[in-house]
Amino acid sequence: MEITQTELILIRISGLDRPGLTASITEILSHYEVDIMDIGQADIHSTLSLGILFKCNEKDSGNVMKDLLFKASELGINIRFYPITADEYEEWVNMQGKNRYILTLLGRKLTAQQIAGATQLLADQGLNIDAIRRLTGRIPLDERKARVRACIEFSVRGTPRDTEELQRDLMKLSNRLEMDFSFQKDTMYRRMRRLICFDMDSTLIKTEVIDELAERAGVGEQVRAITERAMRGEIDFRESFTERVALLKGLDESVMKDIAEHLPITEGVERMMYVLKKYGYKIAILSGGFTYFGNYLKEKFGIDYVYANNLEIVDGKLTGRYLGDIVDGRRKAELLQLIAQVENVDIAQTIAVGDGANDLPMLSVAGLGIAFHAKPKVKANARQSINTIGLDGVLYFLGFKDSYLDERANR
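Each chain carries its own residue numbering, running from 1 in the written order of its sequence. Residues qualify for local features only when their pLDDT is at least 70, as the model is predicted, and side-chain atom pairs are given and counted only at 80 or more; totals for whole chains, interfaces and linings, by contrast, use all residues. Here the side-chain values reflect all heavy atoms present in the structure, with hydrogen atoms and water set aside.

K.L.:
Explain the overall build of the chain to me, using residue names and the numbers behind them.
P.N.:
Starting at the N terminus, helices and strands are each numbered in turn, a helix being any DSSP run of H or I of at least four residues and a strand any DSSP run of E of at least two. Scanning the chain from terminus to terminus reveals 16 helices and 15 strands. Overall size of the chain, expressed as C-alpha extent along the three principal axes, is 100 × 40 × 40 Å. To sort residues, take the accessible area from a 1.4 Å probe on protein chains only and compare it with the maximum for the residue type: under 20% means buried, over 50% means exposed, and anything in between is partly exposed. When each of the 411 residues of the chain is scored for burial, the buried share is 49%. When contacts within the chain are restricted to residue pairs at least 6 apart in sequence, long-range pairs at least 24 apart make up 70% of them. Distance between charge centres in the chain, computed from 55 positive and 61 negative side chains, equals 2 Å. Residue contacts are counted whenever heavy atoms from the two residues lie within 4.5 Å of one another. Working convention for charge: Lys and Arg count positive, Asp and Glu count negative, and His plus the chain ends are omitted. Every charge is mapped onto a representative atom, which is NZ of Lys, CZ of Arg, CG of Asp or CD of Glu.

K.L.:
Pulling in residues and values, what's your account of the sheet that holds strand β1 (residues 6-16)?
P.N.:
Should DSSP find at least two bridges between two strands, the strands are taken to pair. Spatially, the four strands line up as an open sheet ordered β2-β3-β1-β4, and their pairing is antiparallel. The open sheet terminates on both sides in strands that have one partner only, identified here as β2 (35-44) and β4 (78-84). Averaged over all pairs of adjacent strands, the angle between strand axes in this sheet comes to 15°, irrespective of strand direction. As defined by bridge partners, β1 adjoins β4 across seven bridges and the pair is classed as antiparallel. Considered in β4, the bridge of Ile9 is made with Pro83. The axes used here are C-alpha line fits, helices contributing only the stretch in contact, and every angle between their N-to-C directions lies in the interval 0 to 180 degrees. Sheet contacts for helix α1 (residues 21-29): β1, β2 and β3 (47-57); angle to β3, the most-contacted strand, approximately 10°. Sheet strands in contact with helix α3 (residues 86-94) are β1, β2, β3 and β4, and its direction is about 95° off that of β4.

K.L.:
Hey, could you go over the side chain of Ser385 for me, with residue numbers and the actual values?
P.N.:
As for its position among the elements, Ser385 is in strand β15 (residues 384-386). Residue Ser385 is classed as buried on the basis of its relative accessible area of 0%. Think of a polar contact as two N or O atoms within 3.5 Å of one another; within protein, one of them needs to be a possible hydrogen donor and the other a possible acceptor, and neighboring residues in sequence only count if both atoms come from side chains. Within the structure, Ser385 has its side chain in polar contact with the side chain of Asn387 (distance 3.3 Å). Once you skip the residues sitting within four places of it in the chain, Ser385 turns out to touch Met171, Asp180, Phe181, Ile370, Ala371 and Phe397.

K.L.:
So what's going on with the pairing of strand β7 (residues 150-157)? Residues and values would help.
P.N.:
One face of the sheet, then the other: side chains in a regular strand alternate in exactly this way. Along β7, eight of the eight residues are buried, which leaves the element largely enclosed by surrounding structure. Residues Ala150, Ile152, Phe154 and Val156 point to one face of β7 and Cys151, Glu153, Ser155 and Arg157 to the other, with burial holding for every one of them. Of the strand pairs in this sheet, strand β6 (residues 128-134) and β7 are connected by six bridges, and their pairing is antiparallel. By the bridge assignment for β7, Arg134 is matched with Ile152.

K.L.:
Tell me about the nonpolar core, residues and numbers included.
P.N.:
Core analysis: the largest hydrophobic core is formed by 58 residues, its most contacted members being Phe198, Leu213, Phe293 and Leu297. Considering each element in turn, this core owes the most residues, five residues, to helix α11 (residues 269-278). Not counting residues within four places of it along the chain, the set of residues in contact with Phe198 comprises Leu204, Met272, Met273, Leu276, Ile283, Ala284, Ile285, Leu286, Val353, Met362 and Leu391. Here, the term nonpolar core denotes a set of buried Ala, Val, Leu, Ile, Met, Phe, Trp, Tyr and Cys residues that are joined through side-chain atoms within 4.5 Å.

K.L.:
Describe the pairing of β1, and please don't skip the residues or the numbers.
P.N.:
With eleven bridges connecting them, β1 and β3 associate as antiparallel partners. Considered in β3, the bridge of Ile13 is made with Leu50.

K.L.:
Before we move on, could you go through a negative patch on the surface and cite the residues and values that matter?
P.N.:
Patches here are clusters of residues that have more than 30% relative accessible area and form no salt bridge, with a 9 Å joining cutoff for like charges and a 5 Å cutoff for nonpolar side chains (Val, Leu, Ile, Met, Phe, Trp, Tyr). All accessible areas in this document rest on Shrake-Rupley with a 1.4 Å probe, and a residue is counted as covered only by the protein chains that are shown. Definition used for salt bridges: Asp or Glu carboxyl oxygen within 4 Å of a side-chain nitrogen of Lys or Arg. Taken together, the side chains of Asp87, Glu88, Glu90 and Glu91 make up a negatively charged region of the molecular surface. Tracing the chain through its elements places Glu88 in helix α3. On the basis of relative accessibility, which here comes to 41%, the residue Glu88 falls in the partly exposed class.

K.L.:
Lay out the packing of aromatic side chains with the relevant residues and their values.
P.N.:
What counts as a ring pair is set by centres within 6.5 Å for rings of Phe, Tyr and Trp (its six-membered ring), and what kind of pair is set by the plane angle: stacked under 30 degrees, edge-to-face over 60, tilted for all other angles. A full pass over the atoms with the stated rule returns six aromatic pairs. The interplanar angle of 10° and the centroid separation of 4.9 Å between the aromatic rings of Tyr101 and Phe183 together place this pair among those described as stacked. One end of the pair, Tyr101, is in strand β5 (residues 100-107); the other, Phe183, is in strand β8 (residues 180-185), and 82 residues separate them in sequence. The exposure class of Phe183 is buried, given its relative accessible area of 6%. Three or more aromatic residues joined by ring pairs form one cluster here, namely Phe241, Phe290 and Tyr322. When the ring centre of Tyr82 is taken as origin, the NZ or CZ atom of Arg12, which lies over that ring, is 4.7 Å away. Geometry around Tyr404 places Lys401 over its ring, the cationic atom sitting 5.7 Å from the centre. Lysine and arginine charges are scored as sitting over a ring when NZ or CZ, respectively, is within 6 Å of the ring centre and within 35 degrees of the ring normal.

K.L.:
With reference to specific residues and values, describe the pattern of salt bridges.
P.N.:
Counted under the stated rule, the structure contains 26 salt bridges. Measuring nitrogen to oxygen at the nearest pair gives 2.8 Å for the salt bridge that ties Arg157 to Asp130. Within this pair, whereas Arg157 is found in strand β7, its partner Asp130 is found in strand β6, the two being separated by 27 residues in sequence. According to the relative accessible area criterion, Arg157 is buried, its value standing at 15%. Among the residues examined, Asp130 registers a relative accessible area of 34% and is labelled partly exposed. Each of the salt bridges in this network shares a partner with another, and the network as a whole consists of Arg149, Arg271, Asp392 and Asp402.

K.L.:
Describe unusual backbone geometry, and please don't skip the residues or the numbers.
P.N.:
The residue Asp315 is not glycine, and still its phi comes out positive at about 55°. Residue position: Asp315 is located in the loop between β11 (305-314) and β12 (317-323). Unlike most non-glycine residues, His373 shows phi in positive territory, near 40°. In this fold, His373 is placed in the loop between β14 (368-372) and α15 (376-381).

K.L.:
Account for the packing of helix α10 (residues 254-261) against helix α12 (residues 291-301), with residues named and values stated.
P.N.:
Two elements in contact, α10 and α12, have axes separated by 10 Å at closest approach and are oriented at 40°. Both α10 and α12 take part in a crossing whose hand is right-handed. Touching Met256, Lys257, Ile259, Ala260 and Glu261 of α10 are Tyr292, Phe293 and Tyr296, all from α12. Residues are grouped as follows: nonpolar covers Ala, Val, Leu, Ile, Met, Phe, Trp, Tyr, Cys and Pro; charged covers Asp, Glu, Lys and Arg; every other residue, Gly included, is treated as polar. Here the residues of the contact of α10 with α12 are counted per class, giving six nonpolar, no polar and two charged. Crossings are sorted by hand: turned counterclockwise from the far helix by less than a right angle, the near helix makes the crossing left-handed, and turned clockwise it makes it right-handed.

K.L.:
With reference to specific residues and values, describe the environment of Leu110.
P.N.:
Position of Leu110 among the secondary structure elements: in the loop between β5 and α4 (112-124). For the pair formed by Leu110 and Arg149, sequence separation is 39 residues and the distance between their alpha carbons is 8.7 Å. Other than its neighbours up to four places away in sequence, Leu110 contacts Leu105, Ala150, Cys151 and Ile152.

As C-alpha cells, then:
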C-alpha cells in the first residue's frame, strides 16, 4: 500500500490589490487536495500582502507552484514559496498557547520615533508582534485641522519578562514623546466591555464646578487652592470637600442653573457618548462633584447612573452643608462594583476614567482604568492614560475603528 507523502508550503504574495485577487489564488489551490493551515492578509494603500500556509500531496506540489506562478504573472503580482518542516509547524502551533496582548498607541499624530520606541520595548520583553492595524481614519497632510488623531493597534504574543517594568517603561516613553498608550491582555473580557464609569469635573467637563460656584460666591481663590491640594492627593478628600462647601454658604440657587447651562464639555465627549450608547454600553457618572450638574449631563447624553454629592439648599440659598454621604475615592470604587452587580457585568468588563487622586481607587478596581489629562500622581499610578487628545480616545482603547463607525460617530 502506497503511503501518501505531504508537504507544507508557505506562499507570500505582494502587489497591487484589486477585487478577486485572493479568490483567484485560492481557486487554483482548490483544484488540488489542499488543506489551508493558516491565512492572513493586509492591505496598505492598495498594496496587498497575502500569506497562505497549506498542506498538499507531495506529488501535487510541483503543479500547484507552477499554476500559482502562471497566475501571479497574469495578475502582475509577486509570489514566493517557502517549504515548512514539520518541526517548524509544530513550534508555530505551540505558540497558540502563549499569552496575547494589545498595545494601542494614540496621539494627534504618530511618528517613527514613537513607534520605534514602543516596539523596541516589546522586543526587549521577548514579545512578538503578530499584526498591526490602524484604528483611525487616514491622517490629512494639514496637521492644523481640528480633531486630527492617529491610533495604531499592535497584536502581541508572548509572556513579558516583567509586565510591571514594561508598563513603567511605556509610561515614561509616552511622557517623553507626547503620545498615549494602553497595554491590555487580549481576552474575551477586553472584547466585551459593558460598563463605563466617568469622573465628571475635569473629565467630562473642562472645569471643576466647585471652583465655578466659588467664583460666584467671591471665594474663588480660597476654594481653588484647596481643590488643587486635594487633586494632588496632599489632603484628604473628605476634609477638603467639607471646607470648600462651607465657603459656598449664602450662594443663590439660580447660580447653579446658569452654570449648568454653560458647562464647557470636554473635547470628544459628544462623539464618545453617541458611540457608547449606540453599542449598548451602560454609562455612569461617579463624581466628587454635585448631583445637580451630573443630572444635567445625564439628560444631555442619556447617561444611565449618576452618583455625586448633594448640596443642602434652604429658602433658595446654599447653606454651606451637604446631604448624605460624601462620594470620595473609596465610595467611587464601591459604586462601580455595585453597578456592575446590578447590571450583571463581570468586573473585568468595566472601565473607569478620571483625572484626580480620588479616582485612583476606581481606576484600579475596573477591568480597564484610564487616567485622562490627569494629575502627576494619578498618571504615575495608572496603567493607561490619555493626555494628547480628547475623551473619544477611550474608543480606541476599546478597539473601535473609525471605518466601522457611521458618519455622525466620526465627526
